[in-house]
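In case you want the letters, here they are:
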Amino acid sequence: MFNKFIVSILPYFPEKFVWIFSRSYIAGETIDDAIRASKNLNSRKIKVTLDVLGEFISTIEEAEANKEEYLHLIEAVTKNGIDGNYSVKPTSFGLLIDKNICYNHIREITAKAASVNSFIRIDMEDSPCTDLEIELFRKLKSEFPANVGLVLQAYLRKTMNDIRNLTDLNNPETPLSIRLCKGIYVEPESVAYKKYEEINQHFLEEIEFMMRNKFHVAIATHDKHLIDESYRLIEKYSVPENMYEFQMLYGVTPHLRDTIVNDGHAMRIYVPFGKDWFGYSTRRLKENPKMASHIIKAIFYKG
Ligand SMILES: Cc1cc2nc3c(=O)[nH]c(=O)nc-3n(C[C@H](O)[C@H](O)[C@H](O)COP(=O)(O)OP(=O)(O)OC[C@H]3O[C@@H](n4cnc5c(N)ncnc54)[C@H](O)[C@@H]3O)c2cc1C
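Residues numbered from 1 in each chain as written. Predicted model: local features only at pLDDT ≥ 70, side-chain atom pairs only at ≥ 80, totals over all residues. Heavy atoms only, no water.

Caption draft 1: Fine view of the overall build of the protein. Secondary structure assignment for the protein yields twelve helices and eight strands. Relative to its 303 residues, the protein shows a buried fraction of 54%. Here the analysis covers contacts within the protein between residues at least 6 apart in sequence; of these, 75% occur between residues at least 24 apart. Working note: accessible area of the protein is about 14400 Å², and carbon and sulfur atoms make up 54% of it. (Helix = DSSP H or I, 4+ residues; strand = E, 2+ residues; numbered from the N terminus. Buried < 20%, exposed > 50% of the residue type's maximum accessible area, 1.4 Å probe, protein only. Contact = heavy atoms within 4.5 Å. Areas by Shrake-Rupley, 256 points an atom, 1.4 Å probe, with all protein chains shown as cover.)

Caption draft 2: Local environment of the pairing of strand E6 (residues 216-220). For E6, a buried count of five out of five residues is recorded, marking the element as mostly surrounded by other parts of the structure. Residues His 216, Ala 218 and Ala 220 of E6 are buried on one face, and the alternating residues Val 217 and Ile 219, pointing to the opposite face, are buried as well. Pairing between strand E5 (residues 177-181) and E6: four bridges, direction parallel. Residue Arg 179 lies in a different strand from E6, and its bridge partner there is Ala 218. A crossover connection joins E5 to the parallel E6 through helix H8 (residues 196-212); in handedness this β-α-β unit is right-handed. In this view, the connection linking E6 to its parallel neighbour strand E7 (residues 244-249) by way of helix H9 (residues 224-236) has right-handed handedness. (Pairing = 2+ DSSP bridges. Right-handed = clockwise from strand over helix to strand, strands pointing away.)

Caption draft 3: Focus on the site of the ligand. Residues in close proximity to the ligand total 24 residues, the closest being Met 124, Lys 182, Gly 183, Thr 221 and His 222. At 3.0 Å from an oxygen atom of the ligand is found a main-chain nitrogen or oxygen belonging to Ile 184. Here an oxygen atom of the ligand and a side-chain polar atom of His 222 are 2.7 Å apart. Contact with the protein chains hides 81% of the accessible area of the ligand, taken as 930 Å² for the molecule alone. (Near = heavy atom within 4 Å. Polar contact = N/O pair within 3.5 Å; in protein donor to acceptor, adjacent residues only side chain to side chain.)

Caption draft 4: Inspection of the side chain of Asp 223 at higher detail. Mapped onto the fold, Asp 223 is located in the loop between E6 and H9. Residue Asp 223 is classed as buried on the basis of its relative accessible area of 12%.

Caption draft 5: Region of the structure containing H8. The end-to-end C-alpha distance of H8, which contains 17 residues, comes to 24 Å, matching closely the 24 Å that a straight helix rising 1.5 Å per residue would cover. Three or more residues of H8 are buried, namely Ile 199, Asn 200, His 202, Phe 203, Leu 204, Glu 206, Ile 207, Glu 208, Phe 209, Met 210 and Met 211. Turning to H8, the residues buried within the fold contact helix H7 (159-166), E5, E6 and H9. Where H8 ends, the next residue or the one after it, Lys 214, has phi of about 60°, a positive value. (Expected span 1.5 Å × (residues − 1).)

Caption draft 6: Structural view of the pattern of salt bridges. Overall, the coordinates contain 18 salt bridges when judged by the stated rule. Arg 179 is paired through a salt bridge with Asp 123; the nearest N and O atoms lie 2.9 Å apart. Taken as a pair, Arg 179 in strand E5 and Asp 123 in the loop between strand E3 (120-122) and helix H6 (127-143) lie far apart in primary sequence, 56 residues in all. For the pair Arg 179 and Asp 123, a shared accessibility class is recorded, and that class is buried. Asp 258 is the salt-bridge partner of Arg 257, the closest N and O atoms lying 3.0 Å from each other. (Salt bridge = Lys/Arg side-chain N within 4 Å of Asp/Glu carboxyl O.)

Caption draft 7: The pairing of strand E2 (residues 84-88), seen in detail. Burial of E2 is extensive: five of the five residues sit out of reach of the surface. Residue alternation in E2 divides its side chains into two sets, Gly 84, Tyr 86 and Val 88 and Asn 85 and Ser 87, and both sets are buried. When strand E1 (residues 47-52) meets E2, the two strands line up parallel, connected through three bridges. Looking across to E2, one finds that Leu 50 is bridged to Tyr 86. Two strands pair when backbone bridges link them, and E2 and E3 are joined in this way by three bridges, in the parallel orientation. Bridge assignment links Tyr 86 to a residue of E3, and that residue is Ile 120. Traced from E2 through helix H5 (residues 99-115) to E3, the parallel crossover comes out right-handed.

Here it is, written out as structure tokens:
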């Protein structure tokens, strides 16, 4: 109730006030802010994946602007020697308006990343987008086998099937790179598991399947239980260092993040930034009011 109340009043507060809630989770508005945050993380032996905020655009012109921002970002990251790659949300390139235009934009970004030996990860959005995003990934992977990866969500009932269907793209030279997360959108029960235990069980089954089948696995969670179990699976399958990494969100559970780094595992932080931080924060909170309690907790932790 309290979370829902906070979420419903948040859009009526001045941006400066909402920024107090959001600044722990967002690197800032500009590419310079993102570079600064990335340098800081790199200096702690942590890689980054950079995300320009902006989803669910309403005109195709906005897609063009988002593409330009990524192209500038790739130049800045390369120039500054940042150890990082990029995450893109296809809806911010018009997936739901014109999927061919969306493909062409993401293709151009991937080509630019490939030209500097870097990598683009296709984020996974809500269920009306998931099959379109897998299709887009398949197409990109055939042209840029070493430079593109996908996200899958353990809460979706169809995910294990999707993983099995993607296995044909896996090979030792250019392994399939999948980030597995729980999934953040509110989905109907017919589409997604709802119970914590159920989601965790599928998460671990899917991580295990991918490790056994020699995918490159990005374990994206802050859940201590899943992290401990992933440690066990890494050992069980003797997964080489270059075939997995842990991933977390910027500003979330930094102590756990540092423990994983100190344990000798690769860690990559998802760093969102951009002018649309206000829309992003309020949309995220509306999608998942539980986030409000995390944000409030973060404020209290900081005193
Ligand atoms: C690198 C990365 C990329 C992601 N990409 C996608 C994507 O493409 N598509 C998608 O649908 N979802 C994505 N997500 C979000 C993901 O689906 C989950 O919603 C989110 O990670 C929370 O799940 P959890 O595994 O941490 O477990 P939870 O059970 O939600 O959280 C475990 C514990 O972590 C802490 N925690 C979790 N989130 C927060 C927070 N925001 N603030 C403070 N503490 C927190 C809490 O202590 C909580 O008890 C991504 C997550 C990560 C880490």
